[in-house]
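Structural features, examined
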Amino acid sequence: MHELRIELNSNKEETYKSLLPQIDALVSGEQDLIANLANISAALKSAFNWWWVGFYLVRQNELLLGPFQGPVACTRIAFGKGVCGSAWQQAQTIIVADVEKFPGHIVCSSSSKSEIVVPIIINNQVIGVLDVDSENLNHFDETDQLYLEELINLVQYIFKR
Ligand code: SME
């Protein structure tokens, strides 16, 4: 049984820096992908208290909802659709400051105001995405991009075994 050590008063960068090695330690001893993605979602939710955080995995040419924390969400997203499908298509991180201004944004929850989606790229192929939603406008920036991409990179072995 693990318990995360999260400094509640630290800034975002410090939180990421202390959290990432703890997530690595949390998932490195477990082989099952779904169990690990569930714990990563829970760790991120408890550290940042985002509105929604979780994974979509590429299954039969669409994104299928995976482990997450937050309100119920759309289960399937087509290639190129919404922020998640666009991050898959472009194979790069997308930050949306105001989801109402993103053409084709898929509304899973009307409380969601801004979003960041980080593709999971293994052997040059997008195999899923990490999606984070905030109920505040303009919530995500390059610091989130840097550390969330680093997180995916750090734990890429969980997608390979
Ligand atoms: N808003 C996302 C859909 C997923 S939910 O936010 C959980 C999108 O446009 O891809």
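As the structure is a computational prediction, the values presented were derived from the model and not from experiment.

For the rest of this paragraph, the subject is the packing of helix H1 (residues 12–28) against helix H2 (residues 33–48). Think of two packed helices as two axes; the pair is described by the angle between the axes and how far apart they sit. Their axes nearest at 11 Å, the elements H1 and H2 cross at an angle of 155 degrees. Classed by the angle they form, the pair H1 and H2 counts as roughly antiparallel. In this structure, H1 crosses over H2, and the sense of that crossing is right-handed. Residues Lys12, Thr15, Tyr16, Leu19, Ile23, Leu26 and Val27 of H1 touch H2, and the partners they reach there are Asn36, Asn39, Ile40, Ala43, Leu44, Ala47 and Phe48. Its residues assigned to classes, the contact of H1 with H2 shows 10 nonpolar, three polar and one charged.

With that settled, the discussion passes to the site of the ligand. Taken together, 13 residues lie around the ligand, and Val83, Cys84, Ile106, Glu115 and Asp133 are the ones closest in. Measuring from an oxygen atom of the ligand, one finds a side-chain N or O atom of Asp131 at 3.5 Å. Here an oxygen atom of the ligand sits 2.9 Å away from a polar atom, N or O, in the side chain of Asp133. Notes on the ligand: free accessible area 300 Å², of which the protein chains cover 99%. Residue assignment for the shell around the ligand shows that the elements contributing at least two residues are strand S1 (52–59), helix H3 (82–90) and strand S6 (125–134).

Strand order in the open sheet formed by six strands is S3-S2-S1-S6-S5-S4, with antiparallel pairing between adjacent strands. Each end of this open sheet is capped by a strand with a single partner; those strands are strand S3 (76–78) and strand S4 (94–96). Neighbour-to-neighbour, the strand axes of this sheet turn through a mean angle of 25 degrees, independent of strand direction. Inspection of the sheet shows S1 paired to S6 by six bridges, in the antiparallel sense. For Trp52, the partnering residue across the bridge sits in S6 and is Asp133.

Attention shifts here to the pairing of strand S5 (residues 114–122). The buried fraction of S5 is high, at eight of nine residues. Bridging between S4 and S5 involves three bridges; their strand directions are antiparallel. From the neighbouring strand, Ile95 faces S5, where its bridge partner is Ile116. Taking the residues between adjacent antiparallel strands as the criterion, S5 and S6 are bridged by two residues, where Asn123 takes a positive phi near 50 degrees.

As enumerated under the stated definition, the model contains four salt bridges in all. Across the salt bridge formed by Asp98 and Lys101, the nearest N and O atoms sit 3.6 Å from each other. Here the residues in one salt-bridge network are Lys12, Asp141 and Asp144, joined through shared partners.

Cut-off values and rules
Residues numbered from 1 in each chain as written. Predicted model: local features only at pLDDT ≥ 70, side-chain atom pairs only at ≥ 80, totals over all residues. Heavy atoms only, no water. Axes fitted to C-alpha atoms, helices over the stretch in contact; angles between N-to-C directions. Helix = DSSP H or I, 4+ residues; strand = E, 2+ residues; numbered from the N terminus. Parallel < 35°, antiparallel > 145°, perpendicular 65-115°, else oblique. Left-handed = near helix turned anticlockwise from the far one by under 90°. Contact = heavy atoms within 4.5 Å. Nonpolar A, V, L, I, M, F, W, Y, C, P; charged D, E, K, R; others polar. Near = heavy atom within 4 Å. Polar contact = N/O pair within 3.5 Å; in protein donor to acceptor, adjacent residues only side chain to side chain. Areas by Shrake-Rupley, 256 points an atom, 1.4 Å probe, with all protein chains shown as cover. Pairing = 2+ DSSP bridges. Buried < 20%, exposed > 50% of the residue type's maximum accessible area, 1.4 Å probe, protein only. Salt bridge = Lys/Arg side-chain N within 4 Å of Asp/Glu carboxyl O.

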